[in-house]
Amino acid sequence: MKKKPFVDKEQIEKMAKEYPTPFHLYDEAGIRKNARELKEAFSWNKGYREYFAVKATPNPFLMDILKSYGCGYDCSSLTELMLSEAVGAEPGDIMFSSNDTPAEEFAYADKLGAIINLDDITHIDFLEETIGHIPETISCRYNPGGLFKITNDIMDNPGDAKYGMTTEQIFEAFRILKEKGAKEFGIHAFLASNTVTNEYYPMLAKVLFELAVKLRKETGAHIKFINLSGGIGIPYKPDQEANDIAVIGEGVRKVYEEVLTPAGMDDVAIYTELGRFMLGPYGCLVTKVIHEKHTHKEYIGVDACAANLMRPAIYGAYHHITVAGKEEEPCSHMYDVTGSLCENCDKFAVDRMLPKIDIGDYLVIHDSGAHGFSMGYNYNGRLRSAEVLLKEDGSTELIRRAETPADYFATFDCFDIAERLPKK
Ligand SMILES: *Cc1c(COP(=O)(O)O)cnc(C)c1O
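Because the structure is predicted, anything quoted here is derived from the model rather than measured.

So, about the site of the ligand. For the ligand, the set of nearby residues contains 14 residues, the closest of which are Lys55, Gly231, Glu273, Arg276 and His371. Interatomic distance of 2.7 Å between a side-chain N/O atom of lysine 55 and an oxygen atom of the ligand. In this structure, an oxygen atom belonging to the ligand sits 3.1 Å away from a main-chain N or O atom of glycine 231. Here the ligand has 390 Å² of accessible area as a free molecule, and 91% of this is covered by the chains. Split by residue class, the shell around the ligand holds three nonpolar, six polar and five charged.

Here is the structure:
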């Protein structure tokens, strides 16, 4: 399928007058439509709730939009907890799915009334020592090990993942937690990432629902929720077919009715912790072509770099690129599209067929709405870009300004750089 950006050249040119490139742009209409469809897909389950994975796009304006569809927040660090608190998260609105957790973060999560999802059996004692009790509602993260397969396709390798408890450990953990006063239990697992198939959630649900029935039977624990976590992917490439969330919701319902309902467990709530699926396609990185270079290859140099969008550099991830205004032109030229970092992996595309590009063209780098801005970093002293929201009425709002050198230097408390620079 042809990938079309949610913004055109004329809009970009107008925006670029107000917000210097590069910037991440988010599509409010797309975010709202998708959130509505997700909610609808799981409306058969009374307690259903999405806890948006804050790490994907930690921006309070976007978090606030999702809140209006009933979303809570999935956090795994102190600042993500603080951000969720700042956008008004109440007790129960936060899922704290963290690993290798510092004591102060457990304490803060507990103070906010977050649901704590334990990554390891040793965290039971660690949590109890930290906050002085075991919460009445508690969750455990499960990792069955081995490979996670759909028929013969390997989806991911849980046996190689650092997260979660083994089967033996989760039974033991439930027994210990129950003894220590826990009353309501949750089960959580994240076994495959960025899955572009409608089968992942139903397969994962089957594993977790069967586990839940056994846990209930053997430990007597009341299972309040099953958290299918993240992992629903998006079609980064034009030849991939998007997931159909309605089909996924139905698939999970079918397994629910096969496994949980006959076991008398039809009060179990389904939770999700989606990040990529919620925002990935509804963000893009807008950047301007500032150089072309003809050496052993044809290079296009843009004003963004891997500090703004790291996925291509670290995973070799594909992000589709549209040359604004040249949507209908033939892709007749092969380019490497590069940023300015002194690292050869700083390329948004390698050997990519694109229309002929000219200096001054704007490129739209697709699907940067999740794990895009948030993975940004300051290597080479590069600064993070602005984030802009394209609203439903077509107007724009700056929802995070670009970093300045002063932000970059702000942590040198012991070295006043402003003092040493020539006064303006
Ligand atoms: C990263 C993460 C998510 C979200 O993953 P996506 O791939 O963005 O859906 C959800 N839960 C936990 C615990 C995570 O670490």
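One closed barrel accounts for eight strands, arranged β2-β3-β4-β5-β6-β9-β10-β11; its pairing is parallel. Mean inter-strand twist for the sheet, computed between neighbouring axes without regard to direction, equals 25°. On the sheet, helix α5 (residues 103-111) packs against β4 (94-97) and β5 (115-118) and is oriented at approximately 145° with respect to β5.

Turning our eyes to something else, we now look at the pattern of salt bridges. Tallied over the full model, the rule gives 23 salt bridges. For arginine 49, the salt bridge is made with aspartate 93, and the minimal N-O distance between the two is 3.0 Å. Here the residue arginine 49 occupies a position in strand β2 (residues 49-53), and aspartate 93 occupies one in the loop between α4 (78-86) and β4, the gap between them amounting to 44 residues. Linking lysine 356 and aspartate 358 is a salt bridge whose minimum nitrogen-to-oxygen distance equals 2.8 Å. The partly exposed category is assigned to lysine 356, whose relative accessible area is 40%. Taken together, the shared-partner salt bridges connect Lys297, Asp336, Lys347 and Asp351 into one network.

Basis of the calculations
Residues numbered from 1 in each chain as written. Predicted model: local features only at pLDDT ≥ 70, side-chain atom pairs only at ≥ 80, totals over all residues. Heavy atoms only, no water. Near = heavy atom within 4 Å. Polar contact = N/O pair within 3.5 Å; in protein donor to acceptor, adjacent residues only side chain to side chain. Areas by Shrake-Rupley, 256 points an atom, 1.4 Å probe, with all protein chains shown as cover. Nonpolar A, V, L, I, M, F, W, Y, C, P; charged D, E, K, R; others polar. Pairing = 2+ DSSP bridges. Helix = DSSP H or I, 4+ residues; strand = E, 2+ residues; numbered from the N terminus. Axes fitted to C-alpha atoms, helices over the stretch in contact; angles between N-to-C directions. Contact = heavy atoms within 4.5 Å. Salt bridge = Lys/Arg side-chain N within 4 Å of Asp/Glu carboxyl O. Buried < 20%, exposed > 50% of the residue type's maximum accessible area, 1.4 Å probe, protein only.

Geometric values such as these leave the question of function open.
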